[in-house]
Amino acid sequence: MNSEKELSGKTVLLMAIAAGVIVANLNYIQPIEGLIAASFQVSKATVGVVAMLTQLGYAFGLLLIVPLGDIFNRYQLIQVMLVLSIIALLVAFWAPTVTIFGLASLLVGITSVAPQIIIPYAASLAPALHQGKVLGNVLSGLLTGILLSRSVSGLLGSVMRWQYVYLIAALAGVILLVVLHQYLPRDQRAQPNLHYRHVLGSLPQLLRQQKHLQGAAINGFCLFGVSNVLWSTLAFYLAAQYHMGSNVAGLLGLLGITGVLFASIIGRLVDRYSPRLTIGLGIVFSALAFLIFASLGHFFIGLMVGIILLDLGTQFGQVSNQAIVQSLNREASSRNNSIFMFSYFLGGALGTFFSTFAWSHFGWAGVCGVAAIFLVIAVLGHFILREPKQLRPVQ
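Reading the values: the criteria
Numbering of residues begins from 1 in every chain and follows the order in which that chain's sequence is written. Only residues with pLDDT of at least 70 are given local features in this predicted model, and only at 80 or more are side-chain atom pairs given and counted; all residues enter the totals for whole chains, interfaces and linings. The basis for the side-chain values is all heavy atoms of the structure; hydrogens and waters are excluded. Secondary structure elements are taken from DSSP: a helix is a run of H or I of four residues or more, a strand is a run of E of two residues or more, and numbering for both begins at the N terminus. Burial classification: accessible surface area is computed with a 1.4 Å probe over protein chains only, and a residue below 20% of its type maximum counts as buried, one above 50% as exposed, and the rest as partly exposed. We call two N or O atoms a polar contact when they sit within 3.5 Å, provided that within protein one can donate a hydrogen and the other can accept it, with sequence-adjacent residues counted only if both atoms are side-chain atoms. Confidence of the predictor at the level of single residues is given by pLDDT, which spans 0 to 100. Contact between two residues is taken to exist if any of their heavy atoms lie within 4.5 Å; hydrogens are not considered. Here, patches come from residues exposed beyond 30% relative accessible area and free of salt bridges, joined within 9 Å for like charges and within 5 Å for nonpolar side chains (Val, Leu, Ile, Met, Phe, Trp, Tyr). Per-residue and other accessible areas were derived by the Shrake-Rupley procedure at a 1.4 Å probe size, with only the shown protein chains allowed to occlude residues. Each salt bridge in this description consists of a side-chain nitrogen of Lys or Arg and a carboxyl oxygen of Asp or Glu lying within 4 Å of one another. Stacked, tilted and edge-to-face are the three classes applied to pairs of Phe, Tyr and Trp rings, where Trp contributes its six-membered ring and a pair requires centres within 6.5 Å; stacked means planes under 30 degrees apart, edge-to-face means over 60, and tilted covers the rest. As used here, the term nonpolar core means buried Ala, Val, Leu, Ile, Met, Phe, Trp, Tyr and Cys residues forming a set that is joined through side-chain atoms within 4.5 Å. Under this scheme, a helix contributes an axis fitted over its contacting stretch, all axes are lines through C-alpha atoms, and angles between N-to-C directions fall in the 0 to 180 degree range. When describing relative orientation, an angle under 35 degrees is termed roughly parallel and one over 145 degrees roughly antiparallel, while 65 to 115 degrees is termed roughly perpendicular and anything else oblique. Each crossing is labelled by how the near helix is turned from the far one, with a counterclockwise turn of less than a right angle marking it left-handed and a clockwise turn marking it right-handed. Each residue receives one of three labels: charged for Asp, Glu, Lys and Arg, nonpolar for Ala, Val, Leu, Ile, Met, Phe, Trp, Tyr, Cys and Pro, and polar for the others, Gly being one of them. In this scheme, a helix's expected span is set at 1.5 Å multiplied by one less than its residue total.

This brings us to the side chain of Thr-111. Of note, Thr-111 is situated in helix α6 (residues 98–111). By relative accessible area, which is 10% here, Thr-111 ends up buried. One polar contact links the side chain of Thr-111 to the main-chain carbonyl oxygen of Leu-107, over a distance of 2.7 Å.

This is the structure in structure tokens:
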């Protein structure tokens, strides 16, 4: 396959849009947690558990489904997962009880893994010298989906029943499915003679053998955990501190546009300089964000500045870690990505769980304390496992 020809600018844009639309499913719940709690007449901690189930479901989908990208035709697999995601969203829209909604949220997480099949697919099509740039562009779409999902969800939740957020997401998925079927590049690989049991069984071995995969997994766990510490409790904090609703929580998500604008630049920095440098910057930006939240979070401007820094730190880590993971082994790219993203969203799920628990018992100070624990682990991983100074050409 001629990757220069296959990976046109329009193709990269389509992959970025697809990643953004699908990953948005994971974040619709965050600005409307208070509305969901009131609707089902349950505690905020209970809805925090439901939000955690979405992240946890995604983590297990990454572990059990994404490795199939190394076995099956990725053009077809992406579309199959999108169909299942649409069904899960419709169940979430219909759910009459919090128990069924929790189950639907788990299924939304499990079935929304197509972006993590798209990412190694884009990397495999990209020219080796421009892989970081291509990944940065696709991940820009991913982050755009995350931040717009919070804004759309928060705004819609303020003007209509929160359930319609999931119906609109399902309709967006149907439109995307039609477009992908028509324009996504066909997977021209010769299908490897691998069995699913062998693929899953190889995951621990791949992790043991690749030190840089270990480092990326720990760093992703921590930085996404830190990100979810904020976004899982922001709506509660806004209501308690400023008497503001889900619409403001959604609008604050738009501040993440900084991370989107920098994603391609970060990708070029990784290609030109060092992923070790950019991951270090990601930790620094995230730590600065929570220092500001802890000391100046009671000022609205402090909250805004901290959100910008946090989303920038998250993006530095995500682009850098993905570039490392996709440089390791082309034949195992989906499995490596599965390991990395499983750890990434496991960190997100635990960040959601512990931050909502801390909010319920210790308030904003407890939330910042949970973030500090994640950041200490990130610093230790950075200095002990040490990311590569330069990326080597993918094998």
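After that view of the structure, there is still more to cover.
Attention now moves to the confidence of the model for the chain. Averaged over every residue, the pLDDT of the chain is 87; the share at 70 or more is 94%. Per-residue pLDDT stays below 50 along residues 1–5; that stretch engages in 8 contacts with residues further than four places along the chain or on separate chains.

Moving on, we get to a nonpolar patch on the surface. A surface patch of nonpolar side chains, about 370 Å² in accessible area, is lined by Leu-148, Val-152, Leu-155, Leu-251 and Leu-254. If one sorts the elements of the nonpolar patch by residue count, helix α8 (residues 131–159) sits on top with 3 residues. With respect to the secondary-structure elements, Leu-155 resides in helix α8.

Let's shift gears to the pattern of salt bridges. Per the counting criterion, the structure on display carries 2 salt bridges. Arg-335 serves as the salt-bridge partner of Asp-70, at 2.9 Å between the closest nitrogen and oxygen. Highlighted residues: Asp-70 in the loop between α4 (44–64) and α5 (74–94) and Arg-335 in helix α17 (residues 333–384), separated in sequence by 265 residues. A relative accessible area of 8% means that Arg-335 is categorised as buried. Residues Asp-187 and Arg-74 are paired through a salt bridge, measuring 3.2 Å at the closest nitrogen-oxygen approach. Residue Asp-187 is located in the loop between α9 (163–183) and α10 (196–209), and its partner Arg-74 is located in helix α5; the two are separated by 113 residues in the primary sequence. Each member of the pair, Asp-187 together with Arg-74, is buried.

The subject of this paragraph is the packing of aromatic side chains. One pass over the structure, following the stated rule, counts 22 aromatic pairs. Their ring planes at 90° and their centres at 5.4 Å tell us that Tyr-242 and Phe-300 sit as a pair that is edge-to-face. On the criterion of sequence distance, the pair formed by Tyr-242 in helix α12 (residues 234–242) and Phe-300 in helix α16 (residues 300–326) is long-range, its members being 58 residues apart. Residue class for Tyr-242 comes out buried when judged on its relative accessible area of 19%. By the ring-pair criterion, three or more aromatic residues cluster together here, those being Tyr-237, Tyr-242, Phe-290, Phe-293, Phe-300, Trp-359 and Trp-364.

With that settled, consider unusual backbone geometry. Phi at Gln-41 is positive, roughly 55°, even though this residue is not glycine. Relative to the elements of secondary structure, Gln-41 occurs in the loop between α3 (33–40) and α4. Taking the relative accessible area as the measure of exposure, Gln-41 reaches 73% and is therefore exposed. Although it is not a glycine, His-243 sits at a positive phi angle of roughly 60°. Within the secondary structure, His-243 sits in the loop between α12 and α13 (246–252). Accessibility expressed as a relative area gives 71% for His-243, which makes it exposed.

Moving on: the nonpolar core. Residues Phe-101, Tyr-166 and Phe-293 are the most contacted members of the largest nonpolar core, which totals 125 residues. For this core, the leading source of residues is α17, giving 16 residues. If near-sequence neighbours (up to four positions away) are discounted, Phe-293 is found in contact with Leu-230, Gly-302, Leu-303, Gly-306, Ile-307, Leu-310, Trp-364 and Cys-368.

This part takes up the packing of α12 against α17. Two numbers describe how α12 lies on α17: the axes approach to 11 Å, and their chain directions differ by 25°. Taken together, α12 and α17 sit at an angle that is classed as roughly parallel. Pair α12 / α17 crosses with right-handed handedness. Side by side, α12 and α17 meet where Phe-236, Tyr-237 and Ala-240 of the first sit next to Thr-356, Trp-359 and Trp-364 of the second. Across the contact of α12 with α17, the residue classes break down as 5 nonpolar, 1 polar and no charged.

A few words on α16. For α16, which comprises 27 residues, the first-to-last C-alpha distance of 39 Å matches the rise-based estimate of 39 Å (1.5 Å per residue) to within 8%. Counting buried residues along α16, 22 of its 27 residues qualify, which places the element largely inside the surrounding structure.

Tracing the backbone shows Pro-67 in the loop between α4 and α5. Of the residues examined, Pro-67 reaches a relative accessible area of 0% and is grouped as buried. Taking the C-alpha atoms as reference, Pro-67 lies 8.4 Å from Ala-332; in sequence the two are 265 residues apart. Not counting chain neighbours up to four residues away, the residues in contact with Pro-67 comprise Leu-62, Val-199, Leu-200, Leu-203, Ser-334, Arg-335 and Ser-338.

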